[in-house]
Amino acid sequence: MNKPITVTQPCLPPLEEFVPFLQQIWDNKWLTNNGPLHQQLEQELADYLDVKYISLFSNGTLALMSALQALNIHGEVITTPFSFVATTHSLWWNKITPVFVDIEPEYLNLDPNKIEAAITEKTMAIMPVHVYGNPCRVDEIQRIADKFGLKVIYDAAHAFGVKKNGISVLNYGDLSVLSFHATKVYSTIEGGAIVCHTPEMKHRIDNLKNFGFRGETVVEEPGMNAKLNEVQAAYGLLQLKYVDGFIKKRRQITELYREQLKEVPGIAFFEDQEGVSHAYSYFPILIDEEKYGISRDGLYEKLKLNNILSRRYFYPLISDFEPYKNLASAAKENLPVATKITRQVLCLPIYVELEEDNVKRIVDIIQNK
């Protein structure tokens, strides 16, 4: 009872299974720079995720920044205020102006119905986020992009393994960017990746993450150092053996929460989308203060008093942070749905080793406010 229940927790593979990978690295004396384990992980991930090409990165933020470079994006990019701040930071580091568009209330993704009104002659791309792993309305977004000649880069940090009607959501848009951070369903400790559709684009992305080098003596353009090392690649190969079991366990926890919370007035949650294979990355609830009796922040503090660490994810909106709050598109009247949701949302603990008794304890606190 004294040990806190955290909102998430990494699921580590058996240590004894990691040691042979380390021995291989020691024997190879190859620690980074596209080593054999890195190459193996790229191929195994492409096969697992059912995508054509994948380029591994040292983290998801550098992958987002490189994706924008790979497509030569500048000017303005339409994006969501309801995400982790790295989404918009990647634009700032590329000297791109973010244009915030409101979200739709069903699954809290960028609302396609609001995109066209935000397009100007400076708009070059749309950067939606598959929030909590729920796929965006990809067909509608692509229709708009095609109509106006825009690129689409998906922040798919939450969407590892997610499929819609049997097709990986990573196959939509021009590029999709993954995060393999320690808190994610699938992890390489730190890490990320860009999914693309042609060998030419993969070649460009691979060069960009390696200082822009092509071969030993030629630099094609200014790149960065964003390579994934061999130790993390080894960890990722091992995690891939277990990820299906991780997702199955997370689904069981999700279903338990849903069953236990369905009759609580003022508490709403998301059901699975029809035709979608989910990864159950998060379990967010929305709290209607009037119906529930206390505010989202009130419940957050009550859980904390009971040593349960939930997370107000995403709060504040990116558009409320200092670097972005003075943008015209950041005005609250422009973002009514996102403004409402950010005051209601609370992500409850979910991780593979979360015991059923602790789920019921969390629910009991919510029920007996």
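Residues numbered from 1 in each chain as written. Predicted model: local features only at pLDDT ≥ 70, side-chain atom pairs only at ≥ 80, totals over all residues. Heavy atoms only, no water.

A. Just the pattern of salt bridges, in detail. Tallied over the full model, the rule gives 21 salt bridges. Linking R214 and E220 is a salt bridge whose minimum nitrogen-to-oxygen distance equals 2.6 Å. R214 gets classed as partly exposed once you look at its relative accessible area, which sits at 41%. E220 gets classed as partly exposed once you look at its relative accessible area, which sits at 43%. Here K262 and E259 are joined by a salt bridge, their closest N and O atoms 3.2 Å apart. The class for K262 is partly exposed, based on a relative accessible area of 48%. Exposure remark for E259: the relative accessible area of 46% places this residue in the partly exposed category. One network of salt bridges, with partners in common, ties together E42, K202, D206 and K209. (Salt bridge = Lys/Arg side-chain N within 4 Å of Asp/Glu carboxyl O. Buried < 20%, exposed > 50% of the residue type's maximum accessible area, 1.4 Å probe, protein only.)

B. Local environment of the environment of N113. As for its position among the elements, N113 is in the loop between strand 3 (97-100) and strand 4 (123-127). You can call N113 exposed: its relative accessible area is 59%. Sequence separation between N113 and I103 is ten residues; the distance between their C-alpha atoms is 9.4 Å. Beyond its immediate chain neighbours, meaning those up to four positions away, N113 contacts R137 and E140. (Helix = DSSP H or I, 4+ residues; strand = E, 2+ residues; numbered from the N terminus. Contact = heavy atoms within 4.5 Å.)

C. Layout of the side chain of T342. Secondary-structure assignment places T342 in helix 10 (residues 336-342). For T342, the contacting residues outside a window of four places in its chain are F82, R296, F314, Y315, P316 and L317.

D. Layout of the state of the cysteines. Using the criterion set out here, one finds zero disulfides in the structure. Just so you know, C11 is unpaired, no disulfide at all, and the nearest cysteine sulfur is the one on C347, 19 Å from it. Using a relative accessible area of 15% as the deciding quantity, one classes C11 as buried. Its sulfur unpaired, C347 is 16 Å from the next cysteine sulfur, which belongs to C136. Overall, C347 belongs to the buried group, its relative accessible area being 2%. (Disulfide = S-S within 2.5 Å.)

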